[in-house]
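# Structure at a glance
Residue-level listing of the chains:
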Amino acid sequence: MLGRLIGWVLLLFGFEIWYIPLIQPQERLRPDHRPWQDIITGLYGVPPLLKIHDRDGDVKWSFTRKDVTHNLPPGLQKCLYSNANDATEVKWMNNGTSVGAIYSDLALVINYTPDNPGTDKLITFAVCLDTVLLRNAHTVEPLPGQRFAIATTGQRPWDGILVYNASAGNALTDDPPIIQNITGLRAIHGMIWDEQGQMLWAAGTDAAADGSDLISAYGTIVGYPWNATTGLLNKDNRKIYKIPEAYHLMTEWGQGYPWWAGLHDLVPVPNQRKFLVSEDRGLHAFDIELGQFTEHYENVTDRYMQGFECTTDDRYGYNSDGEWQELPQSDLKSFSLASDGSFIYVQSLWKKFRGFHTSLVVNGKRRKINIGDEIYRSRWYGDIDGWPKPKF
Ligand SMILES: *[C@@H]1O[C@H](CO)[C@@H](O)[C@H](O)[C@H]1NC(C)=O
Ligand SMILES: *[C@@H]1O[C@H](CO)[C@@H](O)[C@H](O)[C@H]1NC(C)=O
Ligand SMILES: *[C@@H]1O[C@H](CO)[C@@H](O)[C@H](O)[C@H]1NC(C)=O
Ligand SMILES: *[C@@H]1O[C@H](CO)[C@@H](O)[C@H](O)[C@H]1NC(C)=O
Ligand SMILES: *[C@@H]1O[C@H](CO)[C@@H](O)[C@H](O)[C@H]1NC(C)=O
């Protein structure tokens, strides 16, 4: 009788208020404790450079291959010293004691322990990307249990995500074993762990973005639920969400260009169950509870990124239907929102793949930092409120 009464009361007040535990931010993550000062940026070049700097661009830590003084297996050494200029991904990891990155021809995890020079900048995990499958890998994300996901960012049906064991307890090897191989999502450029939903989210396209499938490719977000018993990610057909329209990229790249608009960065809104995702043409907002895209283009910047400015004045042209188009939000290769409302972004030059500064917006006012650096990604070097990375 009492149980039934409580049941009715719960229904009256809305079941979910009582049943979904809210994530309590750790003490140091509460907004008043959070400086939101540190930013990590990857610089293209041979060799590439990773740097952690403040809002003025003043560098407090950097990593380049010359910093690696310990012995590496020959394959990893060769990939570290390749001619690849990539600094494609840079992420806060391991409670702020590591950096996860794509650097030169490696996906790797490096210690970030500036107070302890003996361990700082040691590579604790690495995979060579110089293989057919990983050649174009664009992003990485830590998973629970010291696992590490690498997106293959390819166009074939067997492309997707490879999961590795990135435990620092394992010796570095040229052939680290693959724990899981999740196929099906093409051209993945963004991944984010969802602690509350216990899921890995990835942003890619449902078919070949380069047009080689001869069908339209739609920007697609997929959630892969984590099974803590098996330690594996699952596929769930209910967690596949497509941008409603597919677009050719001819406005930017010219008539006849075969590529379809794909997704670039998948970014959580602090303390909300929402993502923003940048597609080649502009921004979309996605509400996880609704399972829907809720805002598009300028409605996204109006609501979540006030002070966003187009960084060049040449982002226009004719689309595949011969219509004139202006794409001020195009090519946002990375962006990152802080809980104090400030945000950073990197927009590549029009018809190029990288930008030459990072934009920082504070109180709706933009300024440029890292001026002159060739950049694909800059992110806050910190845990995002409401979106804690897995604890190792
Ligand atoms: C995470 O880092 C903070 C300080 O940077 C420290 O107080 C806390 O104990 C760390 N948490 C874990 C689980 O190591
Ligand atoms: C992952 O699985 C696909 C499909 O079974 C296969 O083609 C591909 O080679 C596998 N990748 C690896 C790295 O084992
Ligand atoms: C990963 O490696 C560590 C260290 O060897 C080991 O303890 C752990 O069981 C491994 N995890 C998986 C999922 O294989
Ligand atoms: C997780 O995997 C275990 C073992 O296969 C299975 O019994 C369980 O139902 C799975 N849990 C979920 C939520 O799918
Ligand atoms: C922005 O929101 C307004 C009001 O809801 C709507 O009419 C408009 O179509 C939206 N614009 C875009 C680009 O989605």
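Residues numbered from 1 in each chain as written. Chains lettered and ligands numbered in written order. Predicted model: local features only at pLDDT ≥ 70, side-chain atom pairs only at ≥ 80, totals over all residues.

Take the overall build of the protein next. Of the regular secondary structure elements, the protein holds five helices and 27 strands. Over its C-alpha atoms the protein spans a radius of gyration of 21 Å, differing by no more than 12% from the 21 Å that the globule rule assigns to 392 residues. In terms of its C-alpha atoms, the protein occupies a principal-axis envelope of roughly 70 × 55 × 45 Å. Of all 392 residues assigned to the protein, the portion counted as buried reaches 46%. Long-range pairs, those at least 24 residues apart, make up 52% of the contacts in the protein with a sequence separation of at least 6. (Helix = DSSP H or I, 4+ residues; strand = E, 2+ residues; numbered from the N terminus. Rg over C-alpha atoms; globule rule 2.2 N^0.38 Å. Buried ≥ 20, exposed ≤ 12 C-beta atoms within 10 Å, placed from the backbone. Contact = placed C-beta atoms within 7 Å.)

Strand order in the open sheet made by the four strands is 8-9-10-11, with antiparallel pairing throughout. Both edges of this open sheet fall to strand 8 (140–143) and strand 11 (178–183), since each of them pairs with a single strand only. Across this sheet, the average inter-strand angle for adjacent strands is 20°, counted without regard to direction. Relative to strand 11, strand 10 (residues 160–165) runs antiparallel, the two being bridged by five bridges. Bridge assignment links Ile161 to a residue of strand 11, and that residue is Ile182. (Pairing = 2+ DSSP bridges. Axes fitted to C-alpha atoms, helices over the stretch in contact; angles between N-to-C directions.)

Counting buried residues along strand 4 (residues 87–93), seven of its seven residues qualify, which places the element largely inside the surrounding structure. When strand 4 meets strand 5 (residues 98–103), the two strands line up antiparallel, connected through six bridges. The residue of strand 5 that forms the bridge with Ala87 is Tyr103. Hairpin connection from strand 4 to strand 5: four residues lie between these consecutive antiparallel strands, with Asn94 at a positive phi of about 50°.

Take the site of ligand 2 next. Near ligand 2 you find Leu133, Trp158, Leu162, Ile178, Asn181 and Thr183, and these make up its full shell. Broken down by element, the residue count for the shell around ligand 2 peaks at three residues, all from strand 11. Taken together, the residues of the shell around ligand 2 break down into four nonpolar, two polar and no charged. (Near = placed C-beta within 6 Å. Nonpolar A, V, L, I, M, F, W, Y, C, P; charged D, E, K, R; others polar.)

Attention now moves to unusual backbone geometry. For the peptide bond that leads from Val46 to Pro47, omega is 0°, which places it in the cis range. Residue placement: Pro47 occurs in the loop between strand 1 (39–43) and strand 2 (49–53). The residue Asn271 is not glycine, and still its phi comes out positive at about 60°. Here Asn271 shows up in the loop between strand 17 (263–268) and strand 18 (274–279). Although it is not a glycine, Lys351 sits at a positive phi angle of roughly 65°. Relative to the helices and strands, Lys351 resides in the loop between strand 24 (343–347) and strand 25 (358–362).

The biggest cluster of nonpolar side chains holds 103 residues, and the ones touching the most others in it are Leu106, Leu108, Ile150, Leu200, Ala202 and Leu266. The residues contacting Ile150, other than those within four sequence positions of it, are Ala107, Val127, Leu134, Ala137, Val140, Ile161, Leu162 and Tyr164. (Core = buried A, V, L, I, M, F, W, Y, C linked by C-beta atoms within 7 Å.)

The next thing to look at is the sheet that holds strand 18. Two strands in a sheet stick together by hydrogen bonds in their backbones, pointing the same way (parallel) or opposite ways (antiparallel). With antiparallel pairing, the four strands of this open sheet are ordered in space as 17-18-19-20. At either end of the open sheet lies a strand with only one pairing partner, and these are strand 17 and strand 20 (292–296). When strand polarity is set aside, the average angle formed by the axes of neighbouring strands in this sheet is 25°. One ladder, built from six bridges, connects strand 18 with strand 19 (residues 282–287); its direction is antiparallel. Bridging from a neighbouring strand, Val277 pairs with His284 of strand 19.

That is the geometry; function is a separate question.
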